[in-house]
Each structure stands twice: as C-alpha cells, then as structure tokens.
Amino acid sequence: MATLAIGDVQGCHDQLMRLLERADFDERRDELWFVGDLVNRGPQSAQTVRFAKRLGARQVTVLGNHDLYLLLIAAGIKKPHRSDTYDELLTAPDRDELVDWLRRQKMMHASGGYAMVHAGLLPQWSVEHALALAREVEAALQGPDYREFLANMFGNEPARWSDELAGYDRLRVIVNAMSRMRLVTPEGSMEFRHKAGLDNLPAGYLPWYDVPGRASSGERIIFGHWAALGLLVREDVVCLDSGCVWGRALSALSLEDRQVYQVDCPELEGTAIET
C-alpha cells in the first residue's frame, strides 16, 4: 500500500487524474491524503469532491479556507466572490450530499509519523495539542448548531492564541491558523494579507514553520495554502501547494519513500483570479 499526499486541487479534477496515473495510484490498495482546498478557482469542484467522497476510507481530507467558504455559501451566510467557481457544485443534483460530506471532514490529521493541516500550526501548539483543538472545530462543524458556528467562523480577530480563549473567539483562532495562516510573529500573532513568497515579508513576521522553538518542531508536517511559496520539501515540513490552478503544477508526495510526483497545468494559466 502507498500513501500519497496531494497538494491543493482546487477543482482541477482532470489534472488530479493525470497526477494519480503518473504516481501509479491504485484506489483498491493505496490511500490519498488531500491537504485541503478541494474546491474553487478551478473548473471541476463537484467532480473533485465526488472522487474524494467515493474513495471512502481510502482518503483523508483536511479542510482548507476555500472548502470552508463553500460551506458558508451553501448555508446562505455569504455570497460568492466574483472570482469563485463554486457554481458547478452548488447547482449539481447531488449538491447537498457533497456539501454535507465536506462539512464532515477533518481540520487536521496525523498518522504514520506525519501530520497534515491546510495552512499551519501556531508556535504554541504541539501536534497533539493541535489535534485536540482541531476536534473542537470539527465538533462545531458537525453539530446541530453548525450554521451558527459558520456565521461566526471567519474574521481576523483574535489574531493570536491564548489558552483562556472560549466560545467563537477560540474556534475562530483555530480555524484561522489551520486554514488561513502563512506568517506569524515569534509570539504567535497571525498576519493574513501577505500572499506572496518569502521576499519582502512584513517586519516582525516569519513563516509559521520557521518560528524558533515552535512546539511542533521535530514533527513532520504536510501543508498547502501557499501557492506563491510553491513546492517545499524539507525533513520537517512539506508544502504541496504548487499552484496548479494558476497554471503551474499539481504535486504529490509518497509518504513511504518521499518521492515527489508532479504534473504541469499550463492549460489553467490565466483562468483563476487572485482576490
């Protein structure tokens, strides 16, 4: 059995199929880990979610910011941005089934010596602590009052973690770190505006994975969300968002032997709009 971790697909179903063929993926035997953002900006969000759903126990999906925003739109809480491409899923005959399946996926996953989260972990969080916090958000997403949680889920404050946080402020910090964060201060204050690469970082901020002494150091963490950073493979962290939806590449990592697989996505260049 092989385990493949897949970067941000964002509705690029055809490119995902080419990548799995290149990696010799066998859905009867192998397992896929999706690093989040299954949907949006690409043309085939519904097909992508259907495929992941059909895999059943042979897949693990953690939720990204685009997945969570879809839940807000489907619940009637937000309207799509002009650059969003959710319509294919929102008008599908199996829309409710797909949205409900997505709502029941994880915020974070860990097994086999790896942890996976869409965006990152705050410096104060060990992997074990972060997994417990992720379960809090998952319980809110899957609970009877999930619509109320969705209505309070997004927002930039509080910008840093405290063990004293409670209620929606607590859940919002967890969601922001795990699905939106790229940069933090050494003390753990998050910054959400920077979408570029590692040049010209805002003063005082670092990539979350480079904060000295972070509690999750020593663990192998897979993440995505940062297309401008691109493919990054280190012993301790792996970023698999290589910008397929922007016309660059879709990437996968075999967890057993650390082999990287990629397919180019030039046909998608210029089709997505940054907001």
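Below is a short write-up of the structure.

What counts and what doesn't
- By convention here, each chain's residues receive numbers from 1 onward along its written sequence.
- Under the rules for a predicted model, residues below a pLDDT of 70 receive no local features and side-chain atom pairs below 80 are neither given nor counted, while totals for whole chains, interfaces and linings still include all residues.
- Excluding hydrogens and water, the side-chain figures rest on all heavy atoms present in the structure.
- Strands are runs of DSSP state E lasting at least 2 residues, helices are runs of H or I lasting at least 4, and numbering of each runs from the N terminus.
- Think of it in three bands: with a 1.4 Å probe and only protein chains considered, a residue is buried below 20% of the maximum accessible area for its type, exposed above 50%, and partly exposed in between.
- Should any heavy atoms of two residues lie within 4.5 Å, those residues are counted as being in contact.
- Salt bridges are defined by distance alone: a side-chain nitrogen of Lys or Arg within 4 Å of a carboxyl oxygen of Asp or Glu.
- For two strands to be treated as a pair, DSSP must find at least two bridges joining them.
- Note on geometry: axes are lines fitted to C-alpha atoms, helical ones only across the stretch in contact, with angles between N-to-C directions running from 0 to 180 degrees.
- By convention in this document, the label disulfide applies to cysteine sulfur atom pairs within 2.5 Å.
- Roughly parallel means an angle under 35 degrees; roughly antiparallel means over 145; roughly perpendicular covers 65 to 115; every other angle is labelled oblique.
- By convention the crossing between two helices is left-handed if the near helix lies anticlockwise of the far one by an angle smaller than a right angle, and right-handed if it lies clockwise.

1. Digging into the overall build of the chain
Here is step 1: On a plain count of helices and strands, the chain comes out with eight helices and 13 strands.
Here is step 2: Taken along its principal axes, the extent of the C-alpha atoms in the chain is 45 × 40 × 35 Å.
Here is step 3: Scored against the burial criterion, the 275 residues of the chain give a buried share of 59%.
Here is step 4: Of all intrachain contacts in the chain linking residues separated by at least 6 positions in sequence, the fraction that spans at least 24 positions is 65%.

2. With respect to the pattern of salt bridges
Here is step 1: Counting across every chain of the model gives 17 salt bridges.
Here is step 2: Note that Glu27 is salt-bridged to Arg54, the shortest N-O span being 2.6 Å. In this pair, Glu27 is assigned in the loop between helix 1 (13-22) and strand 2 (31-34) and Arg54 in helix 2 (residues 45-55), connecting sequence segments 27 residues apart.
Here is step 3: When its relative accessible area of 32% is taken as the criterion, Glu27 is described as partly exposed.
Here is step 4: We note a salt bridge from Glu97 to Lys53, for which the minimum N-O separation is 2.6 Å. With Glu97 in helix 5 (residues 95-103) and Lys53 in helix 2, this residue pair connects regions lying 44 residues apart in the sequence.
Here is step 5: The exposure class assigned to Lys53 is partly exposed, which follows from its relative accessible area of 27%.
Here is step 6: One network of salt bridges, with partners in common, ties together Asp26, Arg28, Arg29 and Asp30.

3. Structural notes on the sheet that holds strand 7 (residues 190-191)
Here is step 1: Taken in spatial order, the three strands line up as 7-6-8 in an open sheet, and their pairing is antiparallel. A strand with exactly one partner marks an edge of an open sheet, and here the two such strands are strand 7 and strand 8 (206-207).
Here is step 2: Both strand 6 (residues 183-184) and strand 7 contribute to a ladder of two bridges, which runs antiparallel. Bridge pairing in strand 7 places Val184 opposite Met190.

4. Points about the sheet that holds strand 2
Here is step 1: Spatially, five strands are ordered 3-2-1-12-13 in an open sheet, and the strand pairing comes out mixed. If you trace the sheet from one side to the other, it starts and ends with strand 3 (59-61) and strand 13 (260-264), each paired once. Each strand axis lies, on average, 20° off the axis of its neighbour in the sheet, ignoring direction.
Here is step 2: The sheet contact formed by strand 1 (residues 3-6) and strand 12 (residues 249-254) spans three bridges and is antiparallel. If you follow Leu4 over to strand 12, its bridge partner there is Ser254.
Here is step 3: Sitting on the sheet, helix 1 touches strand 1, strand 2, strand 12 and strand 13, and the angle it makes with strand 13 is about 140°.

5. Regarding the side chain of Ser179
Here is step 1: Looking at the secondary structure, you find Ser179 in helix 8 (residues 167-179).
Here is step 2: Of the residues examined, Ser179 reaches a relative accessible area of 0% and is grouped as buried.

6. With respect to the state of the cysteines
Here is step 1: Throughout the structure, instances matching the rule amount to one disulfide.
Here is step 2: Cys244 supplies the cysteine sulfur nearest to Cys12, a cysteine that is in no disulfide, at a spacing of 3.9 Å.
Here is step 3: Given the relative accessible area of 0%, Cys12 is considered buried.
Here is step 4: The closest cysteine sulfur to the non-disulfide-bonded Cys239 is located on Cys244, 14 Å from its own sulfur.
Here is step 5: By relative accessible area, which is 0% here, Cys239 ends up buried.

7. Observations concerning the packing of helix 2 against helix 5
Here is step 1: Running from N to C, helix 2 and helix 5 cross one another at 60°; their axes reach a closest spacing of 10 Å. Taken together, the axis directions place helix 2 and helix 5 in an arrangement best described as oblique. Considering how the two elements wind past one another, helix 2 and helix 5 form a crossing that is left-handed. Of the residues in helix 5, those touching helix 2 at Ala46, Val49, Arg50, Ala52 and Lys53 are Glu97, Leu98 and Trp101.

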